[in-house]
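Here are the chains, one letter per residue:
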Amino acid sequence: MDRLLQLDGVEGYQPEAWTELCLQADSDFQPLHWLFPDAGESAELGRRLAVVLGERPATGVWKWEGEQLIVRSGAGHQDVTRPLCRVLLPLEECAMPCTEYRYEAQPVSFEPGSLPAARVQDRGRVAVDDGFMPRSRQVGATGTWVSARVYIAVGISGAVQHLQGLGKVEKVVAINQDADCDMVKRASLSAIGDSHEILAALMALAEEQPAREVSNAA
């Protein structure tokens, strides 16, 4: 690549805001190609941008030869050749030089316009399905299995799939308005009431304690 765009101004997981930033940059600079690492949130952003631009992204790219790409398919066991496109998601091995040309990546100065407001996150399936957080951070049988000393479940009812992801958690603290929900039954300690008020009180107590005591709070 010969241009590097460093986007700032968005904190946390906000896919719509990041996509809007990329769209603004695409309009301002009209790049020939977009490159995103095919891993983590960058891969998701590349796919989102491709959909909005009406492009078919090339994922799992490991080789680029002229107007053709070689991509990994079939769970990484098959190579497929496809035409060069605008949105590319290269694999890590593509970081090795693959042509005789060398480029100096120049930073791009970019002043974004207005962005969507930040939103509150949780780690349940609904939050993932609604686009509030990446699938890799979902807790449960279909997501991440948690092994922690303390897990604080705020407003989570405790579906079977979610509880399966907490099998190795030592202590669960449940904050919920429903005293009969399954997460409260699973919890070692429960606080029944409005989560905003309870969390605000907990934050106030934490700020009053010395940093060492807070770090050992578990």
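All values reported here derive from a predicted model rather than from experimental measurement.

Draft legend 1. Structural detail: the overall build of the protein. Looking only at helices and strands, the protein has seven helices and 10 strands in total. The buried share among the 218 residues of the protein stands at 29%. Put simply, 46% of the contacts in the protein that link residues at least 6 apart link residues at least 24 apart.

Draft legend 2. Looking closely at a nonpolar patch on the surface. Together, L199, L202 and L205 give the surface a local cluster of nonpolar side chains, amounting to about 240 Å² of exposed area. In this fold, L202 is placed in helix α6 (residues 195–208). The partly exposed category is assigned to L202, whose relative accessible area is 41%.

Draft legend 3. The pairing of strand β9 (residues 171–176), seen in detail. In terms of strand pairing, strand β8 (residues 150–154) meets β9 through five bridges, oriented parallel. Looking across to β9, one finds that V150 is bridged to K171. Here β9 runs beside strand β10 (residues 189–192); their pairing, made up of four bridges, is parallel. Within the sheet, the bridge partner assigned to N176 lies in β10 and is I192.

Draft legend 4. Spatial organisation of the environment of L84. Position of L84 relative to the elements: it lies in the loop between β5 (78–83) and β6 (87–90). In this structure L84 touches H33, W64, G66, E67, Q68 and L69, once residues within four positions along its chain are discounted.

Draft legend 5. Region of interest: the pairing of β6. The alternating pattern of β6 places V87 and L89 on one face and L88 and P90 on the opposite face, and all of these are buried. Relative to β6, strand β3 (residues 58–65) is paired through three bridges, and the arrangement is parallel. Note that in β6 the partner of A58 across the bridge is L88.

Draft legend 6. Here's a closer look at the sheet that holds β8. Reading across the sheet, the three strands line up as β8-β9-β10 and stay open at both edges, with parallel pairing between neighbours. Every other strand in the sheet has two partners, leaving β8 and β10 as the edge strands with one partner each. Strand-to-strand twist of the sheet, defined as the mean angle between neighbouring strand axes without regard to direction, takes the value 10°. Relative to β9, α6 is tilted by about 130°, and along the sheet it contacts β8, β9 and β10.

Draft legend 7. Examining the confidence of the model for the protein more closely. Looking at the protein as a whole, the pLDDT averages 79, with 77% of positions reaching at least 70. For the protein, per-element mean pLDDT is lowest for helix α7 (residues 211–215), which scores 59, and highest for β6, which scores 93. Contacts from residues 117–123, a stretch scored under 50 in pLDDT, to residues over four places away or in other chains number 19 contacts.

Draft legend 8. Molecular detail of unusual backbone geometry. Located in the positive-phi region is Q30, a residue other than glycine, with phi close to 50°. On the secondary structure map, Q30 appears in the loop between α1 (15–29) and β2 (34–35).

Reading the values: the criteria
- The residue numbers shown here count from 1 along each chain, following its written sequence.
- Since the coordinates come from a predicted model, pLDDT governs what is reported: local features require at least 70, and pairs of side-chain atoms require 80 or more to be given and counted, while whole-chain, interface and lining totals use all residues.
- Side-chain metrics rest on all non-hydrogen atoms present in the structure, leaving aside hydrogens and water.
- Put simply, DSSP marks the helices as runs of H or I at least four residues long and the strands as runs of E at least two long, and each gets a number from the N terminus on.
- Here's how the labels work: a residue is buried when its accessible area is under 20% of the maximum for its type, exposed when over 50%, partly exposed in between, all with a 1.4 Å probe on protein chains only.
- The contact criterion used is simple: two residues touch if any of their non-hydrogen atoms lie within 4.5 Å.
- Here a patch means residues that are over 30% exposed by relative accessible area and free of salt bridges, tied together within 9 Å if like-charged and within 5 Å if nonpolar (Val, Leu, Ile, Met, Phe, Trp, Tyr).
- Throughout, the Shrake-Rupley method with a 1.4 Å probe supplies accessible areas, and for residues the shown protein chains are the sole cover considered.
- What makes a salt bridge here is a side-chain nitrogen of Lys or Arg within 4 Å of a carboxyl oxygen of Asp or Glu, nothing more.
- By this definition, two strands are paired if DSSP reports at least two bridges between them.
- Only the contacting stretch of a helix is used when fitting its axis, a line to C-alpha atoms as for every element, and angles between N-to-C directions run 0 to 180 degrees.
- A residue's pLDDT is the predictor's confidence in that residue, given on a scale from 0 to 100.

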